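Fold and geometry: a report
As a plain string of letters, each chain reads:
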Amino acid sequence: MSAILEGSKAVAESVRLCRPNLVCAYPITPQTHIVEELAGMVADGRLEAGFVLAESEFGAASIVLGGSAVGGRTYTATSSQGLLLMVEVIFNIAGLRLPVVMTCANRAVSAPINIWNDQQDAVSIRDSGWIQLYVEDNQEALDTHIQAFRIAEELMIPVMVCMDGYVLTHTMEPVDLPTQEDVDSFLPPYEPKYRLDPDDPFTMGAMVGPDAYMETRYHVHMDMMEARSVIARVAEEYAEAFGRHHGGLIETYDLEGADVVLVSMGSLLGTMREAVDELREEGLKVGLLKVRCFRPFPKEAIHDALMGVGIVGVIEKDISLGLEGTLCSEMRAAFCGEESPEISSFIMGLGGRDITVEEIKQIAWDLARNPACRVEFRGLREELLRGDEG
Amino acid sequence: MAVEERWVINLMEPGHTGCAGCGQAIAARLVLKAAGPRVIVANATGCLEVYTTTYPRSSWEVPWIHSLFENAAAVAAGMEVTLKAMGRYEGIKIIAQAGDGGTADIGIGCISGMFERGHDILYVCYDNEGYMNTGYQRSGLTPLRARTTTSPPGRLSYGNRTRKKNMPMIAVAHGVPYVATATVSEPRDLMRKVQRALEIEGPKYLHILVPCVPGWGYESELTVELARLAVETNLFPLFEVENGVIARVKKPKEARPVEDYLRPQRRFAHLFQPGGEEVLEELRRIAEENSRLEPGPARLFGPGAPE
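Bear in mind that the values here come from a model prediction, so they are computed numbers and not experimental data. (Residues numbered from 1 in each chain as written. Chains lettered and ligands numbered in written order. Predicted model: local features only at pLDDT ≥ 70, side-chain atom pairs only at ≥ 80, totals over all residues.)

**Looking at the overall build of chain B**
Put simply, the rule is: Put simply, DSSP H or I for four residues or longer makes a helix, DSSP E for two residues or longer makes a strand, and each gets a number counted from the N terminus. Just to be clear, the radius of gyration here is over C-alpha atoms, and the globule rule we use is 2.2 Å times residues to the power 0.38. Partly exposed residues are those whose C-beta has more than 12 but fewer than 20 other C-beta atoms within 10 Å; with 20 or more the residue is buried, with 12 or fewer it is exposed, and the C-beta atoms are placed from the backbone. Distance between backbone-placed C-beta atoms decides contact: two residues are in contact if it is within 7 Å.
Across its full length, chain B holds 12 helices and nine strands. What you see for chain B is a C-alpha radius of gyration of 19 Å, in line with the 19 Å of a compact globule of 307 residues. Here chain B holds 307 residues, and the buried ones make up 54% of them. Of the contacts made within chain B by residues no fewer than 6 positions apart, 69% connect residues no fewer than 24 positions apart.

**Focus on the sheet that holds strand β2 (residues 22-25) of chain A**
Residue and element names in this part refer to chain A. Definition in use: Paired strands, in this sense, are two strands between which DSSP finds at least two bridges. Between N-to-C directions, angles cover 0 to 180 degrees, with each direction set by a line fitted to C-alpha atoms, over the stretch in contact for helices.
One open sheet accounts for seven strands, arranged β3-β2-β4-β5-β7-β6-β13; its pairing is mixed. Both edges of this open sheet fall to β3 (50-53) and β13 (293-295), since each of them pairs with a single strand only. On average, each strand axis in the sheet is tilted by 20° relative to the strand beside it, whichever way the strands run. Pairing of β2 with strand β4 (residues 74-78), which is carried by two bridges, proceeds in the parallel orientation. Looking at β4, one finds that L22 is bridged to T74.

**Quick notes on the sheet that holds strand β12 (residues 286-291) of chain A**
Residues and elements named next belong to chain A. Taken in spatial order, the six strands make up an open sheet running β10-β12-β11-β14-β15-β16, and their pairing is mixed. Pairing within the sheet leaves two strands with one partner each, and these edge strands are β10 (250-253) and β16 (375-377). If you compare each strand with its neighbour and ignore which way they point, the axes differ by 20° on average. Examined bridge by bridge, strand β14 (residues 311-316) and strand β15 (residues 342-347) share six bridges and lie parallel to one another. Across the sheet, E316 pairs through a bridge with I347, a residue of β15. Across the sheet, helix α9 (residues 268-281) touches β10, β11 (260-264), β12 and β14, and the angle it forms with β12 is around 165°. Each of β11, β12, β14 and β15 touches helix α12 (residues 357-369); the most contacted strand, β11, lies at about 135° to it.

**Some thoughts on the nonpolar core**
Which entries qualify depends on this criterion: Residues of type Ala, Val, Leu, Ile, Met, Phe, Trp, Tyr and Cys that are buried and joined through C-beta atoms within 7 Å form what is called a nonpolar core. How far each domain reaches was decided by an automatic or database domain assignment.
Counting residues in each nonpolar core, the largest one holds 216 residues, and the members touching the most others are V159(A), L262(A), A27(B), A73(B), A76(B), M79(B) and I208(B). In terms of residues, this core owes the most to one element, helix α4 (residues 72-86) of chain B, which gives 11 residues. In terms of domain composition, this core takes at least three residues from each of domain 1 (2-242) and domain 2 (251-386) of chain A. Setting aside its immediate chain neighbours within four residues, A76(B) contacts G66(A), A42(B), I94(B), A96(B), M114(B) and I121(B).

**Details of the domain arrangement of chain A**
Residue and element names in this part refer to chain A. Once the domains are mapped, chain A shows domain 1 (2-242) and domain 2 (251-386). When each unit is reduced to the centre of its C-alpha atoms, the spacing between domain 1 and domain 2 is 27 Å. Taken residue by residue, the interface counts 27 residues in domain 1 and 21 residues in domain 2. Secondary structure elements with two or more residues in the side of domain 1 that touches domain 2: α5 (120-123), β6 (131-134), β7 (159-164) and α8 (213-242). The element that contributes the greatest number of residues to the side of domain 1 that touches domain 2 is α8, accounting for five residues.

**A word on the environment of I108(B)**
Residues and elements named next belong to chain B. Within the secondary structure layout, I108 lies in helix α6 (residues 108-117). With 17 C-beta atoms counted inside 10 Å, the residue I108 sits in the partly exposed group. Separated by 59 residues in the primary sequence, I108 and M167 have C-alpha atoms spaced 9.4 Å apart.

**What to know about the pairing of β11(A)**
Consecutive side chains of a regular strand alternate in pointing toward one face of the sheet and then the other. Residues and elements named next belong to chain A. For β11, a buried count of five out of five residues is recorded, marking the element as mostly surrounded by other parts of the structure. Burial along β11 is two-sided: V260, L262 and S264 facing one way and V261 and V263 facing the other are all buried. Here β11 pairs with β14 via four bridges, running parallel. By the bridge assignment, V260 is partnered in β14 with I311.

**Quick word on the packing of α4(B) against α6(B)**
Think of two packed helices as two axes; the pair is described by the angle between the axes and how far apart they sit. Residue and element names in this part refer to chain B. Keep this limit in mind: Amino acid classes used here: Ala, Val, Leu, Ile, Met, Phe, Trp, Tyr, Cys and Pro are nonpolar; Asp, Glu, Lys and Arg are charged; the rest, including Gly, are polar.
Here α4 crosses α6 at 35°, and the two axes come no closer than 7 Å. Within the contact between the two elements, α4 uses A73, A74, A76 and A77 and α6 uses C110, I111, G113, M114 and R117. Among the residues forming the contact of α4 with α6, the class breakdown is seven nonpolar, one polar and one charged.

**A few points about the environment of G243(A)**
All names here are of chain A. Position of G243 relative to the elements: it lies in the loop between α8 and β10. Since 9 C-beta atoms lie within 10 Å of it, G243 is described here as exposed. C-alpha separation for the pair G243 and M102, spaced 141 residues apart in sequence, amounts to 24 Å.

**Some words on the pairing of β15(A)**
Residue and element names in this part refer to chain A. Convention followed: Here, the term right-handed applies to a crossover whose path from the first strand over the helix to the second runs clockwise when the strands point away from the viewer.
Taking burial as the measure, the six residues of β15 include five buried ones, the bulk of the element. Crossover β14 to β15 through helix α11 (residues 326-333) is right-handed. Here three bridges tie β15 to β16, and the two strands are oriented parallel to one another. Across the sheet, S345 pairs through a bridge with V375, a residue of β16. In this view, the connection linking β15 to its parallel neighbour β16 by way of α12 has left-handed handedness.

**Some points on the interface of chain A and chain B**
The interface of chain A with chain B comprises 35 residues on the first partner and 39 residues on the second. Mapped by element, the contributors of at least two residues to the side of chain A that touches chain B are β2, β3, α3 (57-69), α4 (80-95) and β9 (203-204) of chain A. Among the elements that take part in the side of chain A that touches chain B, α3(A) stands out by supplying eight residues, more than any other. When the residues that make up the side of chain A that touches chain B are grouped by side-chain class, the tally is 20 nonpolar, 12 polar and three charged.

**Looking at the environment of P341(A)**
All names here are of chain A. Residue placement: P341 occurs in the loop between α11 and β15. Given 21 C-beta atoms within 10 Å, P341 falls into the buried group. As a C-alpha pair, P341 and L306 span 35 residues in sequence and 8.1 Å in three-dimensional space. Apart from the residues lying within four places of it in its own chain, the contact partners of P341 are L306, V309, G310, I311 and V312.

Now the structure itself:
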């Protein structure tokens, strides 16, 4: 069924179709519409799930942790400060191997406080042991949540679906809604490998010393590495069942013969596709690489896709202060020990600043003229830097 | 008639690495004995978690989870709602448990949320009056004038400057239908309170005073005796609040002087040095306030309470 839905509503419909046993969240802009929609579904009986309004994001994450530990399919959503308040629990959920699914409506991080979109929040917790999938549009957001539960429950690894706040959460787009029957056959009921149950007591979350701690971390790491093939396979299976494929780990666009490749995550890819089309018409051979799966990081897929490419520009809405864009650093790692393209970092769109087609095209032209590897902020207001205003 | 099974089995098994004479280990074993095997336990970080589950061993014969220091109440809430939603809740009781720091300080947000939403959970606070797992630092439940490593007596100090946060009354103020205090010198009373709590639908709060051998500084055979003295000196009153009414107060037959309780503990040794008399008087006043606790509508007692 096709419908024109706000991104948040598309996600809520997707979550409903996944039949969670527990939905729990705490309100934060721009995540609120997702949880409001789910609350409405619970209120009118369209969604039969435990529904808890937590006292904080820390509490919300802890509540879904508990629900997952007794074998329930659990879902939460947050953003920015809320995600940072959850961080202690986020690491714990991953370490306990609980397949929670979360939406992160990506938003800038304080200070200064800012409610608009960038991706600093999710990128900052890349090392927590959660799978992170970044979506480009509302249809991909909807489809990726259904995949997320499959991936999480198969691997016993939590999955975070990252969608740009406002740009996607508050924007109407036509989406195709799968039927309940089709989702049920793609996503069977969750059969946990272990759960807290008085009929079969076991201890979860024991104190582990230097004699065994490293092995537990090794196992999580190896399973995260293994997750790459699962994520790619689930995307293929989803395409077979529903006819839509948004990329498994990465997606490429116009990569054939490209002299310059631009890389990013999330909704910016839509704008970048337009820029690439125009640049090709103008005679510059530019291609795109969309990183859909940021954790586990698809080093090999990126390496193989960019073989023979000379110039790469990574455009991202986050920065590792004191270094460069985080995605850019990791792109470099894909070429460790080999001849690498020149990979430059372009920091843009922080705190919701618009990124235009023209700005993206300018980056491509600039890289074509001067490929030297560099770190640049683009779109800065010079008058503010000079202190003329504000 | 055969002895009831619950008196024989241990759901928290011995062989753990708790200190000899640990009051918390006694209390936790009694709580589980009273609750029986059809429980799921969410345990906060702290001594109890560390000494019962040092990998690869576990003392727990019931399903048990440790997540973090401050979220046992929230983890328990998630379990309860999810089990209900899945139709698997029938016949199961959920217990969340933590120490005094995990309860009154760092965990109070999650506890408040759990109380306010009315989850069917028994929350047990094992109060040994400080952060004993990290080496006897002060918590919000450390008593007035106690020495801890972060509230040391000195030229300008007689130890901890604040009174115990009144956790039971904080629970009562949330409308928690059953709130009680207990200690390890009254094991039958403690177990009765656990069972009473588990009969009631909704959130329950049980606050158990558990003497700590190294933290309080006393000989390990005195654990039960000190718990008894805490009650008999009125420094730790035993009472039950049901639906906002103090239903029962277990009063000492004859109140003993506070010195009987304080003197065997090194954490109060500085009160028996020259100049300590004035401070002892403060503690006598607290005992006297506690002694006035009577059945009837629950109202604030302690600092700020009307005379």
